[in-house]
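Secondary and tertiary structure notes
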Amino acid sequence: MNLNNKENEFKKILNGKSFLNNKKKSKIFFAPINIALIKYWGKKDEDINIPMTTSISFSSRNLGTKTQIFLAKKDEIILNNLSVDKIFFNRVFEFINLFRNVLNIKCKLKIITYNNIPTASGLASSASGFAALTLALNDFFSLNLTPTELSELARIGSGSACRSIFTRQRFVIWYDRFAKPFEFKHELRKITKNMRAVVIVLDKKQKKISSRKAMNITKMHWLKNKNNIYGKWLQQSKKDILSLKNVKNWKDFGEIIEKNSLLMHEAICEAGINYLSSKTFKILNFVSMCRKNGLFVYATIDAGSNVVMVYQNGDEKKIKNALSNIKNAEILYF
Ligand code: PMV
């Protein structure tokens, strides 16, 4: 990984910007987790997180990260009232140092942050985490950056964080360097307005292979054989983006989402990594049983074993009823 490339990205945005370095603390910022409906998997540029394909995501209203920054005597991070390990600390401060180096600021910072979702278990905590941190740094240094600039900077911390910058919009699209809010049109306006999601937390432990590493391995595998499953997924994802914008009903919409995620996991498996567990497959069976019984719910899975189910608001009661049959899992409404 080349830190200079990251710093150059920061310079492009921050050079010449006015800023202040006189605050004792920032305001508290919340950024939501987002679940990709058409996923991002694989990078054109590994250092600065330029995606291979376009992704579209759905942001939570209530699940995510709250962060506040304080001027301090030493650099420190408190996550959910506890000190963090070295790996977490280094990843976050490598990002903060990009701001400090480019702006030539020496102050020490204490980051107080809370996640109301499990950290690093494939539930997008790095997306909400880096987005909330970027918003807080923007305030702390009085940078007054635009949402697009904030999205570009957050992307360097974690690719999918560029989609979590838009804290009030439900749907966000990420083409290349930054993400932007997205609205579905025509028949899909109502369907997407009524879309809801629920997270089935099957495993709160930190995932063994980071998405960064797994994306890299998947891409290396593909470079040896471009006709492999990842190659198919890349082609399919491009089609899925178009189809998702043009379908006319919820069933087609849901099917595209579910298939996109499953094909991504097949591609990851082919490269020798598996995020899915036997519990995941039980939930996938449960989802298809729901559909056989006329309840149109669809599943999508990020880099972990946990499952997110998407459904229509009108089915909420039936969903709650069906979910009461799932034991040993925490259920988090989006
Ligand atoms: O942004 P990262 O490095 O945490 O990668 C996210 C990858 C997926 O969650 C699997 C897909 C996505 O688009 O969010």
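Rules of the game
- Residues numbered from 1 in each chain as written.
- Predicted model: local features only at pLDDT ≥ 70, side-chain atom pairs only at ≥ 80, totals over all residues.
- Heavy atoms only, no water.
- Core = buried A, V, L, I, M, F, W, Y, C linked by side-chain atoms within 4.5 Å.
- Buried < 20%, exposed > 50% of the residue type's maximum accessible area, 1.4 Å probe, protein only.
- Contact = heavy atoms within 4.5 Å.
- Near = heavy atom within 4 Å.
- Polar contact = N/O pair within 3.5 Å; in protein donor to acceptor, adjacent residues only side chain to side chain.
- Nonpolar A, V, L, I, M, F, W, Y, C, P; charged D, E, K, R; others polar.
- Helix = DSSP H or I, 4+ residues; strand = E, 2+ residues; numbered from the N terminus.
- Pairing = 2+ DSSP bridges.
- Axes fitted to C-alpha atoms, helices over the stretch in contact; angles between N-to-C directions.
- Expected span 1.5 Å × (residues − 1).
- Arc of directions from axis to C-beta.
- Parallel < 35°, antiparallel > 145°, perpendicular 65-115°, else oblique.
- Left-handed = near helix turned anticlockwise from the far one by under 90°.

1. Brief notes about the nonpolar core
Of all hydrophobic cores here, the largest spans 59 residues; its most connected members are Leu14, Trp41 and Phe141. Ignoring any residue separated from it by four or fewer positions in sequence, one finds tryptophan 41 in contact with Met52, Ser211, Ala214, Met215, Thr218, Tyr230, Trp233, Met264, Ile268, Tyr275 and Ala303.

2. Here's the deal with the site of the ligand
Residues in close proximity to the ligand total 14 residues, the closest being Ala36, Tyr40, Ser160, Arg163 and Asp302. Glycine 159 places a polar main-chain atom, nitrogen or oxygen, 3.5 Å from an oxygen atom of the ligand. Between the ligand and serine 211 there is a distance of 3.2 Å, counted from an oxygen atom to a side-chain nitrogen or oxygen. Across the shell around the ligand, the residue classes break down as six nonpolar, five polar and three charged.

3. Some points on the environment of serine 18
With respect to the helices, strands and loops of the structure, serine 18 is situated in the loop between helix H1 (3–14) and strand S1 (29–38). In the structure, serine 18 is positioned 118 residues away from alanine 136 in sequence and 16 Å away in space, judged by C-alpha atoms. Apart from the residues lying within four places of it in its own chain, the contact partners of serine 18 are Ser142 and Leu143.

4. Focus on the pairing of strand S10 (residues 195–201)
When you tally the buried positions in S10, you get seven out of seven residues, the bulk of the element. Burial of S10 is two-sided: the residues Met195, Ala197, Val199 and Val201 facing one way and the residues Arg196, Val198 and Ile200 facing the other way are all buried. As judged from the six bridges shared by S10 and strand S12 (residues 307–312), these two strands associate in the antiparallel manner. Of the residues in S12, the one forming a bridge with isoleucine 200 is valine 307.

5. A short note on the sheet that holds S12
Strand order in the open sheet formed by four strands is S11-S12-S10-S13, and the pairing between neighbours is antiparallel. One side of each edge strand has no neighbouring strand; the edge strands of this open sheet are strand S11 (298–300) and strand S13 (330–333). The sheet shows a mean angle of 30° between the axes of neighbouring strands, direction not considered. Across three bridges, the pairing between S11 and S12 is antiparallel. Paired with alanine 299 across the two strands is methionine 309, which belongs to S12. In this fold helix H10 (residues 278–292) packs onto S10, S11 and S12, with an angle of close to 15° to the strand it touches most, S12. Set on the sheet, helix H11 (residues 316–323) makes contact with S10, S12 and S13; between it and S12 the angle comes to about 145°.

6. Focus on H10
Here H10 is 15 residues long and its end C-alpha atoms lie 21 Å apart, about the 21 Å a rise of 1.5 Å per residue gives. All buried positions along H10 are accounted for by Thr280, Ile283, Leu284, Phe286, Val287 and Cys290. Buried residues of H10, viewed axially, fall in a sector of 155°; they line one side. Across from the buried face of H10, at angles greater than 90 degrees, the exposed residues are Ser278, Lys282, Asn285 and Lys292. Those residues of H10 that are buried lie in contact with S10, helix H9 (250–270), S11, S12 and H11. Phi turns positive, to about 90°, at glycine 294, one or two residues after H10.

7. Comments concerning the environment of lysine 224
If you trace the backbone, lysine 224 turns up in helix H7 (residues 211–224). Between the C-alpha atoms of lysine 224 and phenylalanine 178, which are 46 residues apart in sequence, the distance is 29 Å.

8. Quick notes on the packing of helix H2 (residues 86–103) against helix H4 (residues 147–157)
Contact geometry for H2 and H4: axes closest at 9 Å, N-to-C directions at 140°. If you check the angle between H2 and H4, you find them oblique. Handedness of the crossing formed by H2 with H4: right-handed. Residues Arg91, Phe95, Leu98 and Phe99 of H2 touch H4, and the partners they reach there are Leu153, Ala154, Ile156 and Gly157. Tallied by class, residues from the contact of H2 with H4 come to six nonpolar, one polar and one charged.

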